[in-house]
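Here is what each chain is made of, one letter per residue.
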Amino acid sequence: MFSGDEMAALFTSMGITHVVSIPDSTIGAWHPAIEASPDLRLVRVCREGEAWAVAAGLYLGGATPLVLIQCTGLFESGDSLRNVLHDWKLPIFAVIGYRSYLNQDTLPGDTCLVFTEPVLDAWRIDYRLITTPAQREEIRTHYVACRDAGTPGAALIAEGKA
Amino acid sequence: MTGSVERMPQLEALRTLHAARRADDVIITSMGAARDWMVLGAGPLDLPLVPSSMGTAPSIGLGIALAQPQRRVIVVNGDGAMLMNLGSLVSITAAGPANLILILADNGVYEITGAQPTAGSAPARADGTSVAFMGMARAAGFRTVHRFSNAADWARSVGSILSATGPTFVLLDVGAVPGSKGPRSPGPAGPRAIELRRHITQDPG
Ligand SMILES: Cc1ncc(C[n+]2csc(CCOP(=O)(O)OP(=O)(O)O)c2C)c(N)n1
């Protein structure tokens, strides 16, 4: 739906300094553009629970991090995001790939479709579902609203492939 | 490591670190180490990670180290917590922050939940041999690794270790204190995070 250049430009315009990420096939295609951006640093972690904690440290150190993961990684993240977002109340924003939302060609009956939104609700993450390229600006608008309110938030990006 | 390894008291090992740290260092401690650090006195730049998500202290340290390259960031982690987030060793060396020191206080047990052996410690393992954290750190890409089992040796070396270019891994063999309590949160975490960020982002001058 979005090119790497579009997302790198968007993150830069949001004032993001570090993108903490584990790829899927959609997000991974954005990594080279993020890495090539002079104002963004891509931080690679090994599991998504780590991503929230690294982002927490970046935030505490005065940087402006973004967590960029697939919804499967959201499922993996539970205790870490609970601690970062709800115990320490850090306003970390995430961009989360919504696997199989646009089609289920690769994974018919993908249970990501069953659990992603209820899990976001359970963790009290205020998210916007982005299903068309025309909604790109909505990612920034929601980010700015969350930043100004000092609260966490997410953009859930519809994906086709796994 | 086997059950016969020499171990120093954790409180003494941390007292040595407490004396050696600079005022502008950031010190992150978890579990039993957080409890002991608060006994010794946590400064405004310190994060006793209570409440925590077990295993995340090295990752938080990595984030602070990347955001604040001019500050030394020292993480004191437990072996149980380390085993829960071994990938953080790899993430740290991938980013390679020269200002990060990861200290693993290895007591072989989950001390604060009643000193049950971890899956990595000799008594819990089929072959009776504990896992090799030094080897793990090296294999994960730490070029500088140190191990101390003796308080006097640690005290002699701590200053130069903290001054060296990182990322650095230090394994301290420490004794568990049976029956010891877990750390108590010194206050609501949200306001503590705001204060910590304010202090960390002040110019160290
Ligand atoms: C995800 C998770 N699982 C289990 C626990 C329960 N728990 C709390 S402290 C602890 C032991 C920590 O061991 P270690 O990191 O070695 O520190 P020590 O207690 O030895 O200082 C455990 C298992 C937890 N807090 N979080």
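Quick note: structure is the one above.
Source: prediction; values computed, not measured.

> What exactly am I supposed to notice about the overall build of chain A here?
Secondary structure assignment for chain A yields seven helices and six strands. Ordered by position from the N terminus, the helices and strands of chain A form the series α-β-α-β-α-β-α-α-β-α-β-α-β. A compact globule built from 162 residues should have a C-alpha radius of gyration of about 15 Å, and chain A, at 14 Å, falls within 12% of that. Overall size of chain A, expressed as C-alpha extent along the three principal axes, is 45 × 35 × 30 Å. As displayed, chain A offers around 6200 Å² of accessible surface, 53% of which is attributable to carbon and sulfur atoms. With 12 positive and 19 negative side-chain charges, chain A shows a separation of 4 Å between the mean positions of the two kinds.

> Sorry, what's going on with the overall build of chain B here?
Helix and strand counts for chain B stand at eight helices and nine strands. Compactness check: chain B gives a C-alpha radius of gyration of 16 Å against a globular reference of 17 Å for 205 residues, within 12% of the reference. Projected onto the principal axes, the alpha-carbon positions of chain B cover approximately 50 × 35 × 30 Å. Across the 205 residues in chain B, those meeting the buried criterion constitute 54%.

> Can you help me understand the interface of chain A and chain B in this one?
Interface size is commonly expressed as the accessible surface area that is lost when the partners come together. Counting from both sides, the interface comprises 25 residues of chain A and, opposite them, 32 residues of chain B. Summed over both sides, the interface of chain A with chain B buries roughly 2100 Å², with 64% coming from carbon and sulfur. Across the chain A-chain B interface, the total number found is zero salt bridges. Here chain A is connected to chain B by twelve residue pairs in polar contact (both at pLDDT 80 or more). Secondary structure elements with two or more residues in the side of chain A that touches chain B: strand S2 (41-44), helix H3 (48-60) and helix H5 (78-87) of chain A. With seven residues, the top contributor of residues to the side of chain A that touches chain B is H3(A). Of the residues assigned to the side of chain A that touches chain B, the class counts are eleven nonpolar, six polar and eight charged.

> What am I meant to see in the packing of helix H1 (residues 10-20) of chain B against helix H2 (residues 31-40) of chain B here?
For any two helices packed against each other, one specifies the inter-axial angle together with the distance between the axes. Residue and element names in this part refer to chain B. Remark: H1 packs on H2, axes separated minimally by 10 Å, with the N-to-C direction vectors making an angle of 55°. Considering the angle they form, H1 stands oblique to H2. When the axes of H1 and H2 are compared, the crossing they make is right-handed. The segment H1 lies against H2, with Gln10, Leu11, Leu14, Arg15, Leu17 and His18 engaging Gly32, Ala33, Arg35, Asp36, Trp37 and Leu40.

> Looking at this structure, I do not really get the nonpolar core. What am I missing?
The tendency in soluble globular proteins is for nonpolar side chains to be buried side by side. Among the nonpolar cores identified, the biggest contains 66 residues, and A:Trp52, A:Leu90, A:Ile92, A:Ile96, B:Ile28 and B:Phe169 are the most heavily contacted of them. With nine residues, the single largest contributor to this core is H3(A). Non-local contacts of A:Ile92, meaning those with residues more than four positions away in its chain, are made with A:Trp52, A:Ala55, A:Ala56, A:Tyr59, A:Pro65, A:Val67, A:Val84, A:Leu85, A:Pro152 and A:Gly153. In this structure, A:Trp30, A:Ala33, A:Leu66 and A:Leu68 belong to the second largest nonpolar core, which totals 24 residues.

> I'm lost on the sheet that holds strand S5 (residues 127-130) of chain A in this one. Help?
The pairing of strands in a sheet comes from backbone hydrogen bonds and takes either a parallel or an antiparallel form. Residues and elements named next belong to chain A. Reading across the sheet, the six strands line up as S2-S1-S3-S4-S6-S5 and stay open at both edges, with parallel pairing between neighbours. Either end of the sheet is taken by a strand with one partner, and the two such strands are S2 and S5. Neighbour to neighbour, the strand axes of the sheet diverge by 20° on average, direction disregarded. Two elements, S5 and strand S6 (residues 153-158), share four bridges in a ladder whose sense is parallel. Note on S6: the bridge partner recorded for Tyr127 is Ala154.

> So what exactly am I meant to see when it comes to the pattern of salt bridges here?
Where charged atoms from two side chains of opposite charge come close, those side chains can pair. Going through the model one piece at a time under the given rule, you end up with 17 salt bridges over all chains. Among the ionic pairs, A:Glu35 bridges to A:Arg44, the shortest N-O distance being 3.2 Å. Classification of A:Arg44 as partly exposed rests on a relative accessible area of 42%. Across the pair B:Arg198 and B:Glu195 runs a salt bridge, and its minimum N-O distance is 3.0 Å. Separated by three residues within a single helix, B:Arg198 and B:Glu195 lie in helix H8 (residues 189-200), roughly one turn from each other. Judged by its relative accessible area of 35%, B:Glu195 falls in the partly exposed class. One continuous salt-bridge network, built from bridges that share partners, spans B:Arg22, B:Asp24, B:Asp25 and B:Arg72.

> Please clarify how the packing of H3(A) against helix H3 (residues 57-67) of chain B should be interpreted in this entry.
Relative to each other, H3(A) and H3(B) sit at 40°, their axes nearing to 6 Å. It follows that H3(A) is oblique to H3(B) by the angle criterion. The chirality of how H3(A) crosses H3(B) is right-handed. Here H3(A) contributes A:Glu50, A:Ala53, A:Val54, A:Gly57, A:Leu58 and A:Leu60 to the contact with H3(B), which in turn contributes B:Ser59, B:Ile60, B:Leu62, B:Gly63, B:Ile64, B:Leu66 and B:Ala67. Per-class residue counts for the contact of H3(A) with H3(B) are nine nonpolar, three polar and one charged.

> What should I look at first to understand unusual backbone geometry in this one?
Leaving glycine aside, a negative phi is the common case for residues, and trans is the common case for peptide bonds. That bond from B:Val50 to B:Pro51 is cis: its omega, 0°, falls within 30 degrees of zero. Topologically, B:Pro51 is positioned in the loop between strand S3 (47-48) and H3. Cis geometry is found at the peptide bond from B:Gly166 to B:Pro167, where omega equals 5°. Relative to the assigned elements, B:Pro167 resides in the loop between helix H7 (151-163) and strand S9 (168-175). For A:Lys89, which is not glycine, the phi torsion reads 55° and is therefore positive. Inspection of the secondary structure assignment puts A:Lys89 in the loop between H5 and strand S4 (93-98). With a relative accessible area of 55%, A:Lys89 lands in the exposed category. In this model, A:Arg124 sits at a positive phi of 55°, which is unusual for a non-glycine residue. Along the chain, A:Arg124 turns up in the loop between helix H6 (112-122) and S5.

Thresholds applied
- Residues numbered from 1 in each chain as written.
- Chains lettered and ligands numbered in written order.
- Predicted model: local features only at pLDDT ≥ 70, side-chain atom pairs only at ≥ 80, totals over all residues.
- Heavy atoms only, no water.
- Helix = DSSP H or I, 4+ residues; strand = E, 2+ residues; numbered from the N terminus.
- Rg over C-alpha atoms; globule rule 2.2 N^0.38 Å.
- Areas by Shrake-Rupley, 256 points an atom, 1.4 Å probe, with all protein chains shown as cover.
- Lys, Arg positive; Asp, Glu negative; His and termini not counted.
- Charge placed at Lys NZ, Arg CZ, Asp CG, Glu CD.
- Buried < 20%, exposed > 50% of the residue type's maximum accessible area, 1.4 Å probe, protein only.
- Contact = heavy atoms within 4.5 Å.
- Buried area = accessible area lost by both parts, 1.4 Å probe.
- Salt bridge = Lys/Arg side-chain N within 4 Å of Asp/Glu carboxyl O.
- Polar contact = N/O pair within 3.5 Å; in protein donor to acceptor, adjacent residues only side chain to side chain.
- Nonpolar A, V, L, I, M, F, W, Y, C, P; charged D, E, K, R; others polar.
- Axes fitted to C-alpha atoms, helices over the stretch in contact; angles between N-to-C directions.
- Parallel < 35°, antiparallel > 145°, perpendicular 65-115°, else oblique.
- Left-handed = near helix turned anticlockwise from the far one by under 90°.
- Core = buried A, V, L, I, M, F, W, Y, C linked by side-chain atoms within 4.5 Å.
- Pairing = 2+ DSSP bridges.

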